[in-house]
Amino acid sequence: MARVTRRSFTVAALSTLAMTGDTATAAGGPGTDRRGGAAVTGMRGMWLATVRNRDWPSRTGLSAARQRGELTALLDVAVRRRLNTVILQVRPAADALWPSPHEPWSQYLTGTQGRDPGWDPLGTAVAEAHARGLRLHAWFNPYRVALHHDPARLAASHPARRNPHWVVRHGGGLYYNPGLPEVRAFVQRAMLDAVSRYPVDGVHFDDYFYPYPVAGQSFDDDAAYHRYGGAFASRADWRRDNIDRLVRETAAAVEATRPGTRFGISPFGVWRNASADPRGSHTRAGVQTYDDLYADTRKWVTEGWIDYVVPQLYWAIGSTAADYAALLPWWAEAARGSRTRLYVGEALYKAGDPAQGAAWQDPDELSRHLTLAAAHPEVGGHVFFAAKEVAADPAGAMARVVADHYRRPARPPR
């Protein structure tokens with residue numbers, strides 16, 4: 001996911017958000033058309049990030065009532081924007097936004113990891129989303145432990161402190177080692193606790209598997225590789241197999257724990273450049289998921305291991321490094337004939353940001369993305385990063401998307 005932050009919002013601003021066109025009310029919900037017409041079907045989602053308090057809560061230490069109020073205000077925004085799905089980050093860093101028996105309460109609630117916030121955010125989010133006709137997907141980060149490198153700063157009960165051999169320091173952060181079978185078993189058990197407790201509509205992974213590369217550093221998994229990697233031609237093949245196992249096992253466990261719950265992943269948008277693999281996209285991206293994150297995202301789609309994929313196509317049309325107009329048909333071809341549904345991740349957070357290129361200063365850029373996607377029947381919808389921008393919409397790009405493409409409600413896909 002994007003690792004930048006934008007200005008904060010207020011609940012008061014959310015409550016007075018103006019909308020263009022017809023307004024879908026919370027009472028009607030996104031699956032009904034109050035004008036009497038049949039509703040269309042498609043993914044219209046937004047990510048709601050909690051890491052570093054990116055979208056919610058607006059800061060740590062708020063009262064339970066304030067936290068709940070901010071959360072429900074964002075759900076109301078989703079309805080007003082005629083979205084139908086919210087992907088809520090509930091395990092941002094080996095922690096929990098529900099009363100987990102396996103991991104501590106997230107620090108992004110109270111400011112102190114392990115401190116009970118006095119309410120159940122995930123349980124409340126599921127109930128309040130469903131009351132508004134929204135689907136709620138629980139978003140987990142499997143291996144990130146902390147955005148700092150000091151285990152002593154973790155809660156005393158944290159599994160990473162009880163099992164220090166599970167942890168690798170890399171790039172200023174702490175990560176569970178994906179090469180250890182006991183780690184893979186533990187992170188699945190921790191995540192599936194939420195699936196067993198709550199009627200979530202989906203389980204969602206983001207783009208972090210092995211961490212993003214850091215210049216001059218290597219991920220220190222020597223001991224695990226020497227112990228478990230002997231059957232593989234290279235360390236890279238072994239690492240990809242570790243992530244493949246996580247994906248396959250999680251998919252099976254989700255279905256066994258709560259049948260009908262969808263399992264999806266939102267990878268970085270470039271599998272491989274064509275210069276590295278003729279099956280790759282005509283891009284010149286500096287990161288390739290296959291080579292750098294050890295995530296064979298194309299295989300997961302073509303083999304149908306996951307229910308849906310949301311590649312983060314966070315580039316403008318015409319971008320020299322990675323052109324949205326080139327990546328969109330590449331992903332459509334990858335999904336063609338597969339059981340895996342394709343939705344497209346959209347960089348709403350870039351719209352109007354002066355640090356981005358000229359294309360992102362045009363509020364029509366995202367609307368043009370949806371127009372291009374409409375020509376590809378494999379594309380079943382879009383997910384916007386992220387909730388703060390869906391609410392504040394500083395450049396008017398989200399309002400343009402709604403006016404041009406979301407004039408009628410849409411039922412969420414099943």
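Because the structure is predicted, anything quoted here is derived from the model rather than measured.

### A word on the overall build of the protein
In step 1: Scanning the protein from terminus to terminus reveals 14 helices and 13 strands.
In step 2: In terms of overall dimensions, the protein is globule-like: its C-alpha atoms have a radius of gyration of 20 Å, near the 22 Å expected for 414 residues.
In step 3: The 414 residues of the protein split such that 59% are buried.
In step 4: Across the protein, contacts joining residues at least 24 apart in sequence account for 75% of those joining residues at least 6 apart.
In step 5: For the protein, the accessible area works out to roughly 15600 Å², and carbon and sulfur atoms hold 49% of it.
In step 6: Across the protein, the mean location of the 50 positive side-chain charges is 4 Å away from that of the 41 negative side-chain charges.

### Focus on helix H14 (residues 397-405)
In step 1: Where H14 is concerned, the buried positions are Ala-397, Met-398, Ala-399, Val-401 and Val-402.
In step 2: Among the structural elements, helix H12 (365-373), strand S12 (379-384) and helix H13 (387-392) are those in contact with the buried residues of H14.

### With respect to the layout of surface pockets
In step 1: The computed volume of the second largest pocket comes to approximately 300 Å³.
In step 2: If you go around the second largest pocket, you meet 18 residues; those closest to its centre are Arg-44, Gly-381, His-382, His-405 and Tyr-406.
In step 3: The biggest single contributor to the lining of the second largest pocket is S12, with four residues.
In step 4: Taken together, the residues of the lining of the second largest pocket sort by class into eight nonpolar, seven polar and three charged.

### Observations concerning the sheet that holds strand S2 (residues 43-48)
In step 1: Ordered in space as S2-S3-S4-S8-S9-S10-S11-S12, the eight strands form a closed barrel in which the pairing is parallel.
In step 2: When S2 meets S12, the two strands line up parallel, connected through four bridges. By the bridge assignment, Met-46 is partnered in S12 with Phe-384.
In step 3: Along the sheet, helix H6 (residues 181-197) makes contact with strand S3 (85-91), strand S4 (135-140) and strand S8 (202-205), crossing S3 at roughly 130 degrees.
In step 4: Taken strand by strand, H12 contacts strand S11 (341-346) and S12, and its axis lies near 165 degrees from that of S12.

### A closer look at the pattern of salt bridges
A side chain of one charge can pair with a side chain of the opposite charge if their charged atoms are brought near each other.
In step 1: Here the structure, examined in full by the defined rule, presents 25 salt bridges.
In step 2: A salt bridge links Arg-262 to Asp-307, with the shortest nitrogen-to-oxygen separation between them at 3.5 Å. Of this pair, Arg-262 sits in strand S9 (residues 262-265) while Asp-307 sits in the loop between helix H10 (297-302) and strand S10 (308-309); the two residues are 45 residues apart in sequence, bridging distant segments of the chain.
In step 3: Each of Asp-221, Asp-222, Arg-235 and Arg-239 takes part in salt bridges that share partners, so that together they form one network.

### A short note on the packing of H12 against H14
In step 1: Put simply, H12 and H14 touch, their axes get as near as 8 Å, and they point 35 degrees apart. H14 is crossed by H12, and the crossing has right-handed handedness. Contacts between H12 and H14 involve Leu-366, Ser-367, Leu-370 and Thr-371 from the former and Ala-397, Arg-400, Val-401, Asp-404 and His-405 from the latter.
In step 2: Among the residues forming the contact of H12 with H14, the class breakdown is four nonpolar, three polar and two charged.

### Details of the packing of aromatic side chains
In step 1: What the rule picks out here adds up to 23 aromatic pairs.
In step 2: Plain terms: the ring middles of Trp-166 and Phe-186 are 5.3 Å apart, the flat faces sit at 45 degrees to each other, and that makes the pair tilted. Of this pair, Trp-166 sits in the loop between helix H5 (159-162) and strand S6 (167-170) while Phe-186 is found in helix H6, placing the two residues 20 residues apart along the sequence.
In step 3: When the centroid spacing of 5.7 Å and the interplanar angle of 75 degrees are considered together, the rings of Tyr-314 and Tyr-349 count as edge-to-face. Highlighted residues: Tyr-314 in the loop between S10 and helix H11 (324-335) and Tyr-349 in the loop between S11 and H12, separated in sequence by 35 residues.
In step 4: In this structure Tyr-314 comes out as buried when scored by relative accessible area, which is 7%.
In step 5: Judged by its relative accessible area of 7%, Tyr-349 falls in the buried class.
In step 6: By the ring-pair criterion, three or more aromatic residues cluster together here, those being Trp-47, Tyr-314, Tyr-349 and Phe-385.
In step 7: For the cation-ring pair, Arg-239 lies above Tyr-294, with the distance from its terminal atom to the ring centre recorded as 4.9 Å.
In step 8: Taking the ring centre of Trp-305 as reference, the NZ or CZ of Arg-248 above it sits at 5.0 Å.

### Observations concerning the sheet that holds S6
In step 1: Ordered in space as S5-S7-S6, the three strands form an open sheet in which the pairing is antiparallel. The sheet is open, and its two borders are formed by strand S5 (144-146) and S6, each paired with just one other strand. On average, each strand axis in the sheet is inclined to that of its neighbour by 35 degrees, with strand direction left out of account.

### So, the nonpolar core
In step 1: If you look at the biggest cluster of nonpolar residues, it comprises 125 residues, and the most contacted ones within it are Trp-56, Leu-122, Phe-140, Tyr-176, Phe-384 and Met-398.
In step 2: With near-sequence residues (within four places) excluded, Met-398 lies in contact with Arg-81, Leu-83, Leu-348, Phe-384, Val-390, Asp-393 and Tyr-406.

### A word on unusual backbone geometry
In step 1: Between Trp-56 and Pro-57 the backbone carries a cis peptide bond, its omega angle lying at -20 degrees.
In step 2: For Pro-57, the position within the fold is in the loop between S2 and helix H2 (64-80).
In step 3: Of note, the amide linkage connecting Phe-385 to Ala-386 takes the cis form, showing an omega dihedral of 0 degrees.
In step 4: Considering the arrangement of structural elements, one finds Ala-386 in the loop between S12 and H13.

### Side note on the environment of Arg-132
In step 1: Here Arg-132 shows up in the loop between helix H4 (121-131) and S4.
In step 2: Given the relative accessible area of 12%, Arg-132 is considered buried.
In step 3: Sequence separation between Arg-132 and Val-79 is 53 residues; the distance between their C-alpha atoms is 7.4 Å.
In step 4: A distance of 2.6 Å separates polar atoms of two side chains, one belonging to Arg-132 and the other to Asp-76.

So, how was this worked out
- Residues numbered from 1 in each chain as written.
- Predicted model: local features only at pLDDT ≥ 70, side-chain atom pairs only at ≥ 80, totals over all residues.
- Heavy atoms only, no water.
- Helix = DSSP H or I, 4+ residues; strand = E, 2+ residues; numbered from the N terminus.
- Rg over C-alpha atoms; globule rule 2.2 N^0.38 Å.
- Buried < 20%, exposed > 50% of the residue type's maximum accessible area, 1.4 Å probe, protein only.
- Contact = heavy atoms within 4.5 Å.
- Areas by Shrake-Rupley, 256 points an atom, 1.4 Å probe, with all protein chains shown as cover.
- Lys, Arg positive; Asp, Glu negative; His and termini not counted.
- Charge placed at Lys NZ, Arg CZ, Asp CG, Glu CD.
- 1 Å grid on protein atoms, 1.4 Å probe; cavity = no way out; pocket = protein on both sides within 12 Å on 5 of 7 lines; lining within 4 Å.
- Points joined across faces, edges and corners; volume = space filled by probe spheres on them.
- Nonpolar A, V, L, I, M, F, W, Y, C, P; charged D, E, K, R; others polar.
- Pairing = 2+ DSSP bridges.
- Axes fitted to C-alpha atoms, helices over the stretch in contact; angles between N-to-C directions.
- Salt bridge = Lys/Arg side-chain N within 4 Å of Asp/Glu carboxyl O.
- Left-handed = near helix turned anticlockwise from the far one by under 90°.
- Phe/Tyr/Trp six-rings, centres within 6.5 Å; stacked < 30°, edge-to-face > 60°.
- Lys NZ or Arg CZ within 6 Å of the ring centre and 35° of its normal.
- Core = buried A, V, L, I, M, F, W, Y, C linked by side-chain atoms within 4.5 Å.
- Polar contact = N/O pair within 3.5 Å; in protein donor to acceptor, adjacent residues only side chain to side chain.

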